[in-house]
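Inside the fold
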Amino acid sequence: MSEIRAEMVANVWKVVAAEGDTVSDGDTLVILESMKMEIPVLAESSGTLARLAVAEGDVIQEGDLIAVIQ
Amino acid sequence: MPESVLVANRGEIALRVIRTARRLGIRSVAVYSEADAGLPFVAAADESVLIGPAPPARSYLDADAVLAAARQTGARAVHPGYGFLAENAAFAERVIAAGLTWVGPPPAAIGQMGDKISARNLMEAAGVPVSPGSRVPVPDAAAALAEARRIGYPVMIKAAAGGGGIGMSAADGPAQLEAGFETARSRAERFFGSPAILLERFMPAARHVEVQILGRADGAVLALGERDCSVQRRHQKVAEETPSPGVRPALRAAMLAAGARAGEAVGYRGAGTVEFLVDEQAQEFVFLEMNTRLQVEHPVTELVTGLDLVEQQFRIADGEPDTVSEVTVTGHAIELRIYAEDPKRFLPSPGTITAWAQPSGPGVRVDAGYAAGNTVTPFYDPLLAKLCVHGADRAQALDRARAAVAGFVITGPRTNLPFHAELLASAEFSSGAYDTSVIESMRRHT
């Protein structure tokens, strides 16, 4: 199981993947926006997206959980 | 001179406009979002009005909220700064219709230059050199492929209503073009509210050089010199200097004349910037776009000319006919944009500033938007301050820049100060022989 956490304060612009999806290492899960820049959040391993902890429009803090891959 | 001015912006540029307003005896009104309540520009203004929550669409881009603040405070003029509503012709019209002084160019000029395709066509007609490119919007990927065959690869894909490098990408061939086109179109729609795309021949080893113009109230358009803005990451400027080390006298004269002609073609008034791409080898240039507002990097022009461009904007907006007629350029100036971002990958780094100590001394000017204790939020651009230096020549300006960077302390968010130290130490930048690929090429060596 791998947890993906936010590297910085950001707004969640787009949620690309959905819970239950099969994802591969490097797939884009979510696109964040901070300081007028888009930052894709990528899967760091292959597996099933067990949990997606953010929704579009959320403001997330550094260290917040974004997703869990199993 | 207007009795009072509402500054419809935030951060360093709001503070910079307020500073000149104060010197000229103009009462200043700041507007701010909930996220910015603690920033220096709010405290510096004579009055301040909270206009909404943090997201720009609900505060700094909310024309109704800004105009309501002007009515509430009795402000007689509106200065838009750069970004936000500065190049919104409809907003400028509303300011004027409300009986207020718009400290900016005529709304028609904003509209004509705001669309990159219309601007290119207009410049071509005015005899300003333009690169091979689209004369009408490119509707789909198939049309883009046909257009690229006509123009010749590599091509640059751009949003017609765009700016700030957003949605821009270069394509070396059809496969890259098809992929880039779709991305560009979705970004154009999202950021600029228009899916119109244009293609232009891409000049890989170009310098990005712009001309500062000033349209006087009597109709004369002056060119005040150029700025080299080739140091860029993600097509966004990081450092600028004047004069450009890549522009020889004959090219400079031709570019300044073209800049003035561009302004005359749209009846320009006030401060504006005409951007060009320069082929240094051939000493040739093509029109890129015009920014119908005060530019971020205007301080380098102020340092070498002794002019206060914001003062000029106020005087011209008020109808003073002959505010400046001749400029003399003295020495060399460099601006370094201090961003809240990591210095290697240039990723945003918001956070609370725990310490802030800025350099001072001969030839050093810092236009800052933040101070210790302020929080840098993810809602706006990452610009913390502009570190500007002036020297008798480029060598002295470089020395002063190196010392000033070493003496600038900001803790809390990561900043690109280490990047600027790296840039100023690099052979590429120090020699002056660089183009828009300077960041990649200096890192190839390290």
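One structure accompanies this document, and this report is about it. Just so it is clear, the structure is predicted and the values come from calculations on it, not from any experiment.

Some points on the pairing of strand 1 (residues 4-7) of chain B
All names here are of chain B. Relative to strand 2 (residues 27-33), strand 1 runs parallel, the two being bridged by four bridges. Residue pairing for strand 2: Val5 is matched across the bridge by Ser28. With two bridges connecting them, strand 1 and strand 4 (residues 77-79) associate as parallel partners. Paired with Val7 across the two strands is His79, which belongs to strand 4.

A few points about the sheet that holds strand 5 (residues 37-42) of chain A
Strand pairs in the sheet, formed through backbone hydrogen bonds, run parallel or antiparallel to each other. Residue and element names in this part refer to chain A. The sheet built from four strands is open, its strands ordered 5-4-2-7 with antiparallel pairing. With partners counted over all chains shown, the strands left at the sheet margins are strand 5 and strand 7 (59-60), one partner each. Relative to strand 4 (residues 28-34), strand 2 (residues 10-15) runs antiparallel, the two sharing four bridges. Bridge assignment links Lys14 to a residue of strand 4, and that residue is Ile31.

Some points on helix 5 (residues 107-114) of chain B
Given 3.6 residues per turn, any residue in an α-helix points the same way as the ones three and four places further on. Residue and element names in this part refer to chain B. The element helix 5 is extensively covered by neighbouring structure, given that six of its eight residues are classed as buried. Among the residues making up helix 5, those that are buried are Pro107, Ala109, Ile110, Gln112, Met113 and Gly114. Summarising the contacts, the buried residues of helix 5 are in contact with helix 4 (89-97), helix 6 (116-125) and strand 13 (284-291).

A look at the packing of helix 12 (residues 394-406) of chain B against helix 13 (residues 417-425) of chain B
All names here are of chain B. Two elements in contact, helix 12 and helix 13, have axes whose closest approach is 10 Å; the angle formed by their N-to-C orientations is 155 degrees. Accordingly, the angle class assigned to the pair helix 12 and helix 13 is roughly antiparallel. Helix 12 and helix 13 meet at a crossing whose hand is left-handed. Residue-level inspection shows Leu398, Ala401, Arg402, Val405 and Ala406 of helix 12 in contact with helix 13, the latter providing Leu417, His420, Ala421 and Leu424. A class-by-class count of the residues in the contact of helix 12 with helix 13 yields seven nonpolar, one polar and one charged.

Some remarks on helix 13 of chain B
All names here are of chain B. Burial in helix 13 covers these residues: Phe419, His420, Leu423 and Leu424. All buried residues of helix 13 fall inside an arc of 130 degrees around its axis, so they share one side. Those residues of helix 13 hidden inside the fold are in contact with strand 10 (221-233), strand 11 (236-242), strand 14 (332-339), helix 12 and helix 14 (427-431).

Side note on the pairing of strand 6 (residues 155-159) of chain B
Residue and element names in this part refer to chain B. Counted residue by residue, strand 6 has five buried out of five residues, so it is predominantly covered. Burial along strand 6 is two-sided: Val155, Ile157 and Ala159 facing one way and Met156 and Lys158 facing the other are all buried. By the bridge criterion, three bridges tie strand 6 to strand 7 (residues 169-171) in an arrangement that is antiparallel. Each residue of the ladder has a partner; that of Ile157, found in strand 7, is Ser169.

Parameters and conventions
- Residues numbered from 1 in each chain as written.
- Chains lettered and ligands numbered in written order.
- Predicted model: local features only at pLDDT ≥ 70, side-chain atom pairs only at ≥ 80, totals over all residues.
- Pairing = 2+ DSSP bridges.
- Helix = DSSP H or I, 4+ residues; strand = E, 2+ residues; numbered from the N terminus.
- Buried ≥ 20, exposed ≤ 12 C-beta atoms within 10 Å, placed from the backbone.
- Contact = placed C-beta atoms within 7 Å.
- Axes fitted to C-alpha atoms, helices over the stretch in contact; angles between N-to-C directions.
- Parallel < 35°, antiparallel > 145°, perpendicular 65-115°, else oblique.
- Left-handed = near helix turned anticlockwise from the far one by under 90°.
- Nonpolar A, V, L, I, M, F, W, Y, C, P; charged D, E, K, R; others polar.
- Arc of directions from axis to C-beta.

Keep in mind these numbers describe shape, not what the thing actually does.
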